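Coordinates in review
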Amino acid sequence: MIARRDFLRLAGGAGLSLGLTGCASADLGNLVGMATEGFNQSIEALLLKQSPVPEFALDRIQPAELIVNGFSNYAPAIDPSTFRLTLDGDVVKPLNLSMEDLYKLSKKSMVIRHVCVEGWAAIVQWAGVSLRDLVQLAQPANNVKYVYIQSADGYYESWDIASLVHPQTLLAYEMNGNPIPIPNGAPLRLASPIKLGYKLSKWVTRITFTSSLVPPVWLRDRSDRALLIATARYGLNPVKGFWEDQGYEWFAGV
Ligand SMILES: Nc1nc2c(c(=O)[nH]1)N[C@H]1C(S)=C(S)[C@@H](COP(=O)(O)O)O[C@H]1N2
Ligand SMILES: [Mo]
């Protein structure tokens, strides 16, 4: 463990503070796993005790079984070269990451079953960055228990932090060996064997850390056009998640 001031110095040197650019972010991967005094102690304990769910062999994938499923048929076309993932809220180090930054982080691959409440399932291979690595970079404050997740189609979700830092909860950029197709959430979507399909947000743009399930400003203000359209169409007052606010269970464990 390194002292907080050293972390901040290192982080500054790696260009972490205000978004990463060019080769300055090459040191990013080296920072994963370094904790500071401000880091959430209960998250550190979680990281040690969680174990992975058994996976499937690669030849078991069922590409034809994965049904494209969305609350609307709008699939946002995000330009990966200008895309930025924001991690903000109650964190020591807010992050604004390009796809290039994310590709430089450790790449995790898994073969798991995706389960939709509508009565279908599919074994899928996903690869991308683990949320636990991103959480360790962003350094949530001690009181953080939840995150809110923004999607470019107006979908929104909230998760408990324990499920988020599970070793098989990924922000995936590959599906069944290829870049994720747009309808399946390109360039970044959540993938995890421990949550039902509706928790696994596609087209993720922002993850906001919080101590309580009070919607963050971006969800309350509804300045986002896609969010405005989605909530108006369904008469939603956003609190916990797009389907949860229509009666679906919040934790939604598999
Ligand atoms: N942004 C966004 N993410 C979403 C949804 C959605 O409508 N919008 N639908 C969810 C549901 S109900 C399921 S089952 C999966 C489907 O993922 P797929 O289209 O890749 O099969 O995406 C989830 N993530
Ligand atoms: Mo679903």
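Attention here is on the structure that accompanies the text. (Residues numbered from 1 in each chain as written. Chains lettered and ligands numbered in written order. Predicted model: local features only at pLDDT ≥ 70, side-chain atom pairs only at ≥ 80, totals over all residues. Heavy atoms only, no water.)

1. Comments concerning the side chain of Arg 132
Its place among the elements puts Arg 132 in helix H5 (residues 131-138). Notably, Arg 132 is buried but unbridged: the nearest opposite-charge side chain belongs to Asp 133, and the N-O separation is 6.3 Å. Once residues lying within four places of it in the same chain are set aside, the contact partners of Arg 132 are Leu 46, Leu 47, Gln 50, Leu 164, Val 165, His 166 and Pro 167. (Helix = DSSP H or I, 4+ residues; strand = E, 2+ residues; numbered from the N terminus. Buried < 20%, exposed > 50% of the residue type's maximum accessible area, 1.4 Å probe, protein only. Lys, Arg positive; Asp, Glu negative; His and termini not counted. Salt bridge = Lys/Arg side-chain N within 4 Å of Asp/Glu carboxyl O. Contact = heavy atoms within 4.5 Å.)

2. Points about the pattern of salt bridges
What the rule picks out here adds up to 6 salt bridges. Here Arg 206 ties to Asp 88 by a salt bridge, and the two come within 2.6 Å at their closest N and O atoms. Linking Arg 206 in strand S10 (residues 204-210) with Asp 88 in strand S1 (residues 85-89), this pair joins segments that are 118 residues apart in sequence. Owing to a relative accessible area of 13%, Asp 88 belongs among the buried residues under this scheme. Here Lys 107 makes a salt bridge to Glu 174, at a shortest N to O gap of 2.7 Å. Linking Lys 107 in the loop between helix H4 (99-104) and strand S3 (108-116) with Glu 174 in strand S7 (residues 170-175), this pair joins segments that are 67 residues apart in sequence. Of the residues examined, Glu 174 reaches a relative accessible area of 19% and is grouped as buried. Salt bridges sharing common partners tie together Glu 157, Lys 199 and Glu 244.

3. Some thoughts on the environment of Ile 43
Take Ile 43: it is sitting in helix H3 (residues 41-49). The spatial distance from the C-alpha of Ile 43 to the C-alpha of Gln 139 is 9.6 Å, given a sequence separation of 96 residues. Setting aside residues up to four positions removed in sequence, Ile 43 forms contacts with Val 135, Pro 140, Ile 161 and Val 165.

4. Here's the deal with the site of ligand 1
Close to ligand 1 lie 20 residues; Ile 67, Asn 69, Asp 153, Arg 189 and Lys 202 are nearest. Between ligand 1 and the protein, one listed contact pairs an oxygen atom with a side-chain N or O atom of Arg 189 at 2.6 Å. Leu 200 places a polar main-chain atom, nitrogen or oxygen, 2.9 Å from a nitrogen atom of ligand 1. Each residue belonging to the shell around ligand 1 can be placed in one class, and the counts come to 10 nonpolar, 7 polar and 3 charged. (Near = heavy atom within 4 Å. Polar contact = N/O pair within 3.5 Å; in protein donor to acceptor, adjacent residues only side chain to side chain. Nonpolar A, V, L, I, M, F, W, Y, C, P; charged D, E, K, R; others polar.)

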